[in-house]
Amino acid sequence: MTFFQKSTTSLGLALMMSVPSGAMAQATCSVNLNTSAYPCTMPFGVVVENRLQGLQARVERQEQRLAELDRLLAQADRDVTLNEASLAEERDIVSQRLVVNREAVAAEQERVQADQQAQQQAAEAEPTKEQLKAERRAAKARDKAARRKALQSAVQATGTEQGESGVPLVETELLTREDVRASDQEFDTAVAGAGREAKSDSDGGLSKFEKALLLGLGAVAVGKILDNGDEVVSRSGDRVVVEREGELRVLKNDDALLRRPGNDVRTETFDDGSTRTIVTKPDGTRIVTIRGADGTVLRRVRVLANGEEITLFDDTRQEREIIISELPQRLQQGRMAGLSSEAELRRALEAQSAAREGEAFSLRQVRDIREVRMLAPEVQLDAVRFASGSAAIEPAQARSLARIGNTLRDMIARDPRTVLLVEGHTDAVGDATYNLALSDRRAETVALALTEYFGVPAENMIVQGYGESYLKVPTLAAEQANRRAVVRNITGLLR
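As a starting point, this report considers the structure included with it. (Residues numbered from 1 in each chain as written. Predicted model: local features only at pLDDT ≥ 70, side-chain atom pairs only at ≥ 80, totals over all residues. Heavy atoms only, no water.)

Looking at the overall build of the protein
Our working rule: Put simply, DSSP H or I for four residues or longer makes a helix, DSSP E for two residues or longer makes a strand, and each gets a number counted from the N terminus. Only heavy atoms enter the contact rule, under which two residues are in contact if any of them lie within 4.5 Å. With residues, only the protein chains shown are counted as cover, and all accessible areas are computed by Shrake-Rupley using a 1.4 Å probe.
Each helix and strand counted, the protein has twelve helices and 14 strands in total. Of the contacts formed within the protein by residues at least 6 apart in sequence, a portion of 66% connects residues at least 24 apart. With an accessible surface of roughly 28200 Å², the protein has 52% of that area assigned to carbon and sulfur atoms.

What follows is the structure, given as structure tokens:
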């Protein structure tokens with residue numbers, strides 16, 4: 001080595017030693033790790049270390065990214081698995097529904113084919129108008145024959161005590177207060193049928209009235225068809241509701257009003273279910289009533305103590321056919337009893353009926369045909385307010401009937417042949433069969449109150465419930481105006 005070289009080296013070492021290490025580091029330049037060139041004078045070890053650190057950082061970032069990708073891939077695998085399971089389950093459900101729907105379609109096709117065949121057969125077998133008329137005439141003839149048979153079985157009121165059908169079963173009672181129902185008492189039995197259950201009587205679950213129906217018309221269980229073709233839809237011991245051709249009708253013992261304390265009652269029941277009841281009052285007057293097998297009154301006669309007979313009505317006679325379109329229009333609107341004096345009520349009830357002179361109807365026609373019934377003058381008993389589901393009248397309410405009660409009693413005193421129809425009506429809330437029985441019971445309660453408080457003779461009154469059939473206010477909601485009682489003077493229609 002020359003002196004010059006040595007001197008230069010020594011000078012460089014001296015300079016390097018005179019610079020601090022930090023300054024030395026600061027004097028180094030950055031290394032481009034992407035190339036192998038080192039455009040600075042940084043020591044090789046430092047450059048390598050820096051490059052390794054950079055590579056390690058990159059590796060860590062790539063490992064993190066790879067881990068993230070692995071996590072996403074695993075999540076995707078799980079999602080795919082769940083989706084596959086869900087799709088498989090949905091496919092199974094759709095397959096099952098498809099099978100069910102195919103079976104339903106096949107069943108519906110069979111039903112449609114069956115219906116078409118039935119309709120075709122029905123069309124082929126459909127009766128003509130003449131056949132329908134003949135069937136109706138036959139049905140009316142059967143009803144009339146049953147009525148005549150009932151009368152023949154029970155015989156005339158003044159006839160012998162043995163009917164043509166044989167010796168009747170005779171039952172006698174001397175009634176006390178414990179044997180009769182007062183107007184402020186509820187009925188003992190509830191309605192069975194239409195989702196309701198009845199209280200059972202001790203004797204086989206049947207009341208006397210239901211046993212009488214069983215004797216004359218067959219089984220009275222709900223759902224059974226009576227011998228006359230009516231279907232029993234509800235029963236409550238004292239009343240049975242039946243349906244015929246879509247119309248409801250309530251059956252009950254029409255003699256119930258005559259059961260008053262002190263009366264002696266003799267009931268003769270014949271083997272066809274018809275009855276003759278002889279009620280003897282304390283004053284010696286006898287009320288003789290003939291009832292059909294369904295409990296409906298057919299004939300009633302008042303026999304005075306001197307033997308004089310007064311026929312109130314007689315449905316054993318031939319009915320004349322009614323053409324409703326030819327009936328006259330109703331003459332007047334009903335009067336409110338609570339807003340009228342006794343004189344006004346008397347004039348309203350004694351007003352001439354809308355029936356033409358010489359025209360007479362049967363009691364059955366008056367009861368069953370509204371257009372006939374509307375021909376008679378009426379009075380609405382607006383003072384009567386029944387509690388919901390109740391058929392009892394409190395004494396305070398009963399006394400509010402004083403004007404109409406006194407008017408009716410005086411009318412009958414002047415004309416003992418007077419016949420009054422007491423109607424019961426309900427609103428449309430609840431079951432129709434229940435409402436029908438309830439309205440009939442309420443009509444009976446009103447008649448009882450008129451007898452108990454004002455001395456209106458019970459034999460001159462007929463009670464009939466119409467349920468929700470004739471709403472005064474057309475609404476399905478609870479409406480007080482529809483829960484009403486009406487009295488009609490039907491005397492002029494029966495003569």
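A look at the environment of leucine 169
Assignment of secondary structure puts leucine 169 in strand 1 (residues 169-174). For the pair leucine 169 and threonine 275, spaced 106 residues apart in the sequence, the C-alpha separation amounts to 9.3 Å. Among residues more than four places away in sequence, those in contact with leucine 169 are Thr267, Glu268 and Thr269.

Concerning the packing of helix 6 (residues 342-349) against helix 10 (residues 402-414)
Spelled out, the test is: Helix axes are fitted only over the stretch in contact, all axes being lines through C-alpha atoms; the angle between N-to-C directions runs from 0 to 180 degrees. Should an angle fall under 35 degrees it is called roughly parallel, over 145 degrees roughly antiparallel, and 65 to 115 degrees roughly perpendicular, with every other angle called oblique. When the near helix sits turned anticlockwise from the far one by under a right angle, the crossing is termed left-handed; a clockwise turn instead gives a right-handed crossing. Following the grouping adopted for this structure description, the nonpolar residues are Ala, Val, Leu, Ile, Met, Phe, Trp, Tyr, Cys and Pro, the charged ones are Asp, Glu, Lys and Arg, and the polar ones are all others, Gly among them.
Helix 10 packs onto helix 6 with a crossing angle of 50 degrees between their chain directions and a minimal axis gap of 9 Å. Between helix 6 and helix 10, the angle is such that the two are oblique. Handedness of the crossing formed by helix 6 with helix 10: right-handed. Between helix 6 and helix 10, the contacting residues are Glu342, Leu345, Arg346 and Leu349 on the first element and Ala402, Arg403, Ile404, Asn406, Thr407, Leu408, Asp410, Met411 and Arg414 on the second. Of the residues that constitute the contact of helix 6 with helix 10, the class distribution is six nonpolar, two polar and five charged.

Quick word on the packing of aromatic side chains
Where we set the bar: The criterion for an aromatic pair is that two Phe, Tyr or Trp rings (for Trp, the six-membered ring) have centres within 6.5 Å, with stacked assigned to planes under 30 degrees apart, edge-to-face to planes over 60 apart and tilted to the rest. Only protein chains enter the area calculation, which uses a 1.4 Å probe; residues under 20% of their type maximum are buried, those over 50% are exposed, and those in between are partly exposed. Criterion for a charge above a ring: Arg CZ or Lys NZ at most 6 Å from the ring centre, at most 35 degrees from the ring normal.
For the coordinates displayed, the defined rule picks out two aromatic pairs. With centroids separated by 6.2 Å and ring planes inclined at 45 degrees, the aromatic side chains of tyrosine 453 and phenylalanine 454 adopt a geometry described as tilted. We classify phenylalanine 454 as buried; its relative accessible area is 9%. Note on tyrosine 466 and tyrosine 470: the rings are 5.8 Å apart at their centroids and 65 degrees apart in plane angle, and the pair reads as edge-to-face. The ring of phenylalanine 187 carries the charged tip of arginine 181 above its face, separated from the ring centre by 3.8 Å.

A word on the pairing of strand 7 (residues 286-291)
So the rule is basically this: Note on pairing: DSSP must find at least two bridges between two strands before they are called paired.
Of all six residues in strand 7, five are buried; the element is thus mostly enclosed. By the bridge criterion, six bridges tie strand 6 (residues 275-280) to strand 7 in an arrangement that is antiparallel. Bridge pairing links arginine 276 to isoleucine 290 in strand 7. The loop that links strand 6 with its antiparallel partner strand 7 comprises five residues; one of these, glycine 284, has a positive phi angle of about 95 degrees.

Re the environment of glycine 455
Inspection of the secondary structure puts glycine 455 in the loop between helix 11 (432-454) and strand 13 (461-465). On the basis of relative accessibility, which here comes to 40%, the residue glycine 455 falls in the partly exposed class. For the pair glycine 455 and glycine 405, spaced 50 residues apart in the sequence, the C-alpha separation amounts to 7.9 Å. Beyond its immediate sequence surroundings of up to four residues, glycine 455 is in contact with Arg409 and Leu450.

As for the nonpolar core
Worth spelling out the cut-off: In these notes, a set of buried Ala, Val, Leu, Ile, Met, Phe, Trp, Tyr and Cys residues joined through side-chain atoms within 4.5 Å is what counts as a nonpolar core.
Counting 35 residues, the largest nonpolar core has Leu381, Ile404, Leu408, Val446 and Leu450 as its most contacted members. Sorting the residues of this core by element identifies helix 6, helix 10, strand 12 (420-424), helix 11, strand 13 and strand 14 (485-489) as the ones contributing at least two each. The greatest single-element share of this core, amounting to seven residues, is contributed by helix 11. Leu327, Ala376, Val419 and Ile490 belong to the second largest nonpolar core, which has 20 residues in total.

Comments concerning the pattern of salt bridges
As a working rule, side chains carrying opposite charge can pair if their charged atoms are close by. Defined as follows: Whenever Lys or Arg places a side-chain nitrogen within 4 Å of a carboxyl oxygen from Asp or Glu, that contact is recorded as a salt bridge.
According to the stated counting rule, one finds 30 salt bridges in the structure shown. Among the salt bridges present, the one from arginine 235 reaches glutamate 210, with a minimum N-O distance of 2.8 Å. Linking arginine 235 in strand 2 (residues 231-235) with glutamate 210 in helix 5 (residues 208-217), this pair joins segments that are 25 residues apart in sequence. Residue classification places arginine 235 among the buried positions, given a relative accessible area of 18%. A salt bridge links arginine 266 to glutamate 268; the shortest N-O distance between them is 2.9 Å. Given a relative accessible area of 0%, glutamate 268 falls into the buried group.

Some details on the sheet that holds strand 2
In spatial order, the strands read 2-3-4; together these three strands make up an open sheet with antiparallel pairing. Edge positions in the sheet fall to strand 2 and strand 4 (247-252), since each of these pairs with one other strand and no more. Taking each pair of neighbouring strands and ignoring which way they run, the sheet shows an average axis angle of 30 degrees. As defined by bridge partners, strand 3 (residues 239-244) adjoins strand 4 across six bridges and the pair is classed as antiparallel. In the strand pairing of strand 4, valine 241 is matched with valine 250.

A word on helix 6
What sets the pattern is the α-helix's 3.6 residues per turn: residues three or four places apart point alike. Filter applied, for reference: This arc describes the spread of directions from the helix axis toward the C-beta atoms.
Buried within helix 6 we find Leu345, Ala348 and Leu349. Here the buried residues of helix 6 occupy an arc of 90 degrees about the axis, which is enough to place them on one side.

Some remarks on helix 10
Short version of the rule: Expected helix span is computed as 1.5 Å times (number of residues minus one).
Given a rise of 1.5 Å per residue, 13 residues ought to cover 18 Å, and the 18 Å separating the end C-alpha atoms of helix 10 matches this to within 8%. Along helix 10, the positions that sit buried rather than exposed are Ile404, Gly405, Asn406, Thr407, Leu408, Met411 and Ile412. In this structure, the buried side of helix 10 is in contact with helix 6, strand 11 (378-380), strand 12, helix 11 and strand 14.

Here we look at the side chain of aspartate 230
To keep it simple, the criterion reads: Polar contact is defined as a pair of N or O atoms within 3.5 Å, subject to the rule that within protein one atom must be able to donate a hydrogen and the other to accept it, and that residues adjacent in sequence are counted only when both atoms are side-chain atoms.
In this structure, aspartate 230 sits in the loop between helix 5 and strand 2. A polar contact of 2.6 Å, which involves the side chain of aspartate 230, links it to the side chain of arginine 244. Among all residues touching aspartate 230, those that are not within four sequence positions of it are Lys224, Ile225, Val242, Glu243, Arg244 and Arg249.

Structural notes on the side chain of aspartate 255
Turning to its location among the elements, aspartate 255 is positioned in the loop between strand 4 and strand 5 (264-269). For aspartate 255, a relative accessible area of 4% corresponds to the buried category. For aspartate 255, the residues in contact, after removing those within four places along its chain, are Thr277, Thr289, Arg291 and Arg300.

A word on the sheet that holds strand 7
Taking strand neighbours across the sheet as the criterion, the six strands line up as 1-5-6-7-8-9 in an open arrangement whose pairing is antiparallel. Two strands bound the open sheet, and with one partner strand each, they are strand 1 and strand 9 (309-314). For this sheet, the mean inter-axis angle between neighbouring strands, taken without regard to orientation, is 15 degrees.

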